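Remarks on the overall topology
Listed below, chain by chain, are the residues.
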Amino acid sequence: MDDEIIEVETLTVACDGGNGPLGHPNVYLHLDDASHDVVCPYCSRHFVLKEGADVAARH
Ligand SMILES: [Zn+2]
């Protein structure tokens, strides 16, 4: 399985699997409030919040 990690600056990200064989319809994913990461259920790409990102939803 591909362990690609993608840094993002918002708690909501759009994923379409990129242009590779794992491509899929565009979906929106919400990063976990506590761990600040999410794994796409379609292509298993791992999105993590970029260090220092200014997140409005921060508690
Ligand atoms: Zn995906």
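Since the structure is predicted, the reported quantities are computational estimates derived from the model, not experimental observations.

Conventions we followed
- Residues numbered from 1 in each chain as written.
- Predicted model: local features only at pLDDT ≥ 70, side-chain atom pairs only at ≥ 80, totals over all residues.
- Heavy atoms only, no water.
- Helix = DSSP H or I, 4+ residues; strand = E, 2+ residues; numbered from the N terminus.
- Buried < 20%, exposed > 50% of the residue type's maximum accessible area, 1.4 Å probe, protein only.
- Contact = heavy atoms within 4.5 Å.
- Donors = N, O, S within 2.8 Å, 3.2 Å for Na, K, Ca; no water.
- Pairing = 2+ DSSP bridges.
- Axes fitted to C-alpha atoms, helices over the stretch in contact; angles between N-to-C directions.
- Salt bridge = Lys/Arg side-chain N within 4 Å of Asp/Glu carboxyl O.
- Polar contact = N/O pair within 3.5 Å; in protein donor to acceptor, adjacent residues only side chain to side chain.

**A look at the overall build of the protein**
Counting secondary structure elements, the protein contains zero helices and five strands. In the protein, the succession of α and β elements from N to C terminus is β-β-β-β-β. Looking at the 59 residues of the protein, the share that counts as buried comes to 32%. If you take every contact in the protein between residues at least 6 apart in sequence, the share linking residues at least 24 apart comes to 39%.

**Points about the coordination of the zinc ion**
Looking at the zinc ion, the protein donor atoms are Cys15 (SG), His24 (NE2), Cys40 (SG) and Cys43 (SG), and they sit 2.1 to 2.3 Å from it. Positions of the donor residues of the zinc ion, expressed as sequence spacing, correspond to C-x8-H-x15-C-x2-C. One end of the pair, His24, is in the loop between β2 (12-15) and β3 (27-30); the other, Cys40, is in the loop between β4 (37-39) and β5 (46-49), with 16 residues separating them in the sequence. This pair shows no difference in class: His24 is buried, exactly as Cys40 is.

**Brief notes about the sheet that holds strand β1 (residues 5-8)**
Here three strands make up an open sheet; going across it, the order is β1-β5-β4 and the pairing mixed. Strand pairing shows two members of the sheet lacking a second neighbour, β1 and β4, which therefore form its edges. Put simply, the sheet's adjacent strands are angled 20° from each other on average, direction ignored.

**Section: the pattern of salt bridges**
Summed over the entire model, instances satisfying the criterion amount to one salt bridge. The salt bridge involving Glu9 is made with Lys50; its shortest N-O contact spans 3.6 Å. Within this pair, whereas Glu9 is found in the loop between β1 and β2, its partner Lys50 is found in the segment after β5, the two being separated by 41 residues in sequence. A relative accessible area of 36% means that Lys50 is categorised as partly exposed.

**Observations regarding the side chain of His24**
In this structure His24 comes out as buried when scored by relative accessible area, which is 12%. Only 3.3 Å separates the side chain of His24 from the backbone nitrogen of Gly17, close enough to count as a polar contact. Beyond its immediate chain neighbours, meaning those up to four positions away, His24 contacts Cys15, Asp16, Gly17, Cys40, Tyr42 and Cys43.

**Focus on the environment of Ser44**
Looking at the secondary structure, you find Ser44 in the loop between β4 and β5. In this structure, the C-alpha to C-alpha distance between Ser44 and Gly17, residues 27 residues apart in sequence, is 8.6 Å.

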